[in-house]
Amino acid sequence: MIPINPNNPNIPFVPRSKKIIVTGHYGSGKTNVAVNLALALRAGGSGVTVADMDIVNPYFRTSDSAAMLTEAGIKCVIPQYAGTNVDMPALPAEIYSMFADKLSYGIFDVGGDDSGAAALGTYTRHFEDIGYEMLYVVSMYRPITASPPDAAALMREIESKSRLRCTAVVNNSNIGAQTDRDNFFDSFDYADEVSRLCGLPLAFDSACDTWEKPGRNIFHMKNITKKIYEYTEDNNEPGQL
Amino acid sequence: MSKVLMKGNEAIAEAAIRSGCRHYFGYPITPQTEIAEYMAKRMPRVGGLCLQAESEIAAINMVIGAAAAGKRAMTSSSSPGISLKAEGISYLVGCDLPCLILNIQRGGPGLGGIQPAQSDYYQATKAMGHGDMHIIVLAPSSIQEMASLTARAFDLGDKYRLPVMILADGALGQMMEPVDFDNVGGGVLPEKPWAASGHEGKRKKNVINSLYIEPSELENAVIERYKRYAAIETNETLYEEYMTDDAEICLVAYGITSRICKTAVNAARKNGIKAGLLRPITLWPYPKAILDNLADRVDRFLVVELNMGQMVDDVKIAINCKKPVDFFGRTGGMMPTPEDVLKQIQKAAAGGLK
């Protein structure tokens, strides 16, 4: 593995390629991981393009963060119909430009599960030609992937549909805004077991907080999910004014 | 089980399975397709059936069959698909069959859009099918409630032998929150001596039917059913009051909109306006008594919905027009922000919207 950007302190792992695919069960937090990786890479001085390749879910997607990403100097490739009522699985031709641009990072935020990964199939040959890192994001608090064998099985389905191989696991176990330190720390054994069953290294654990633990490679993120729907039990306040 | 992170659609599906539902019949439509996806993954593991029917109409008729056999059955769809199910729902009522129907509403009319709406309120509460009929309509406002009201829906349906609808929207269906299933309840399956499940020569045969040859018999059946409706109105009305004790402006909102209104109420209080919120949890039966009671104390009401004004009629009826009732709504998949609602509260406090 050749370190591409060993001096970027903003990201906790050395990607094996500048083309980083983010896959996983839907609701595992793929988009949060993808957007935060993009911001961290950009903060380290790299050119970054993010592609919203979610053709499955019309509600929560990278395109929601497009304004913020653009402001940070990150290029966004978003489906023409994102955020509209056209629930159409069409991806922009602009995605091909990300393979031509060998200098910049390209982050591919893919839809959930094997059905979302199907969108990758179109680009399989390009990824194979240029090399890629394919992160498999998991959360032990998502019932369908709560058991490590189930999580490993879903990864195989994603690989089968995309005809690409995952290269590393990302542990993004969380219960949203209510995630506490214990929720996060409790997930390490799970993450290690998923990593073992998948036969892949654990790239990092990620959390929307500043928690640290010796021996763990923790990526500190900020939560970029839509605010208006958020809800805190304590004060009954949805969202922020 | 500790807390897990789920989409509203998934929480409903998981709660249904935990409530003993083993028969799910559906047809895909955004924004509720995760229910079918979750059922497809989970049902085979618990010995249940998840069947993608050839249409919404087929799905609701399969529900009639499973319910008639005494099974806990359900279907789910979104607005246009629910319209297709209307005939079947009327048959379920006419046959006195319990089941769960989910409407994860999207913008309408017609094919409309895929973003959240509350514009099927009239349909759900007034005319979910032809004939003299009601179904129970529950309106959750959090993912935890999506789960707990699903369990409650199956229990209510069995208790009163009628279909129960959960009326949510695309936002509640899609958004994720922590859920704890420990106290969700459900899963106690009552005896159903009326079910057409095979008499084996040991009892009189059960007939499930909604056709009456004699008009007088049909009238009697409807009158008997309305006695059950009266019992439901007395016993099963649910609502939540938020800061209504000293409220001068009382907001009325349900589901996703109630959350926006709560934030607006808090903001209004910070601005020196005594606002409060009544959140109906059952939309039928409607919490008329508490509204009538509030009407004696508050200055005016502000109803907020994701439609052009539907539930606002029920508020006026409940309070016999004792106090002015203002309305604020967005439609077509648009959502008001708490700031938008706050502005309306400020206008109401200054003497009304008109």
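Residues numbered from 1 in each chain as written. Chains lettered and ligands numbered in written order. Predicted model: local features only at pLDDT ≥ 70, side-chain atom pairs only at ≥ 80, totals over all residues. Heavy atoms only, no water.

A. Spatial organisation of the domain arrangement of chain B. Residues and elements named next belong to chain B. Per the domain assignment, the segments making up chain B are domain 1 (4–235) and domain 2 (242–349). For domain 1 versus domain 2, the distance between C-alpha centres works out to 28 Å. Contact with domain 1, which involves 31 residues of that partner, is made by 27 residues of domain 2. With both sides pooled, the region where domain 1 packs onto domain 2 buries about 2400 Å², and carbon together with sulfur makes up 54% of that total. Of all residues in domain 1, Gln118, Tyr121 and Tyr122 give up the largest surface area on contact with domain 2, accounting jointly for 31% of the area buried on that side. Taking the shortest distance from any N to any O, the salt bridge between Glu177 and Arg259 comes out at 2.6 Å. Here domain 1 is connected to domain 2 by 19 residue pairs in polar contact (both at pLDDT 80 or more). (Domains from an automatic or database assignment. Contact = heavy atoms within 4.5 Å. Buried area = accessible area lost by both parts, 1.4 Å probe. Salt bridge = Lys/Arg side-chain N within 4 Å of Asp/Glu carboxyl O. Polar contact = N/O pair within 3.5 Å; in protein donor to acceptor, adjacent residues only side chain to side chain.)

B. Examining the sheet that holds strand S11 (residues 275–280) of chain B more closely. Residue and element names in this part refer to chain B. In spatial order, the strands read S9-S11-S10-S13-S14; together these 5 strands make up an open sheet with mixed pairing. Sheet topology places strand S9 (239–242) and strand S14 (325–329) at the edges, where each strand pairs with a single neighbour. When strand polarity is set aside, the average angle formed by the axes of neighbouring strands in this sheet is 20°. Sheet topology note: the strand S13 (residues 300–305)/S14 ladder contains 5 bridges and is parallel. (Pairing = 2+ DSSP bridges. Helix = DSSP H or I, 4+ residues; strand = E, 2+ residues; numbered from the N terminus. Axes fitted to C-alpha atoms, helices over the stretch in contact; angles between N-to-C directions.)

C. Just the sheet that holds strand S12 (residues 282–284) of chain B, in detail. All names here are of chain B. Taking strand neighbours across the sheet as the criterion, the 7 strands line up as S3-S2-S4-S5-S7-S6-S12 in an open arrangement whose pairing is mixed. The sheet terminates laterally at strand S3 (49–52) and S12, the two strands that pair on one side only. Across the sheet, the mean angle from the axis of one strand to that of its neighbour is 20°, orientation sign disregarded. The sheet contact formed by strand S4 (residues 73–77) and strand S5 (residues 99–105) spans 4 bridges and is parallel. Within S5, the residue paired with Ser76 across the bridge is Leu102.

D. Spatial organisation of the environment of Thr179 of chain A. All names here are of chain A. If you trace the backbone, Thr179 turns up in the loop between strand S6 (168–171) and helix H7 (181–185). With 28 residues separating them along the chain, Thr179 and Ala207 place their C-alpha atoms 8.8 Å apart. When sequence neighbours within four positions are dropped, the list of residues in contact with Thr179 reads Asn174 and Trp211. A polar atom in the side chain of Thr179 sits 2.9 Å from the backbone nitrogen of Ile175.

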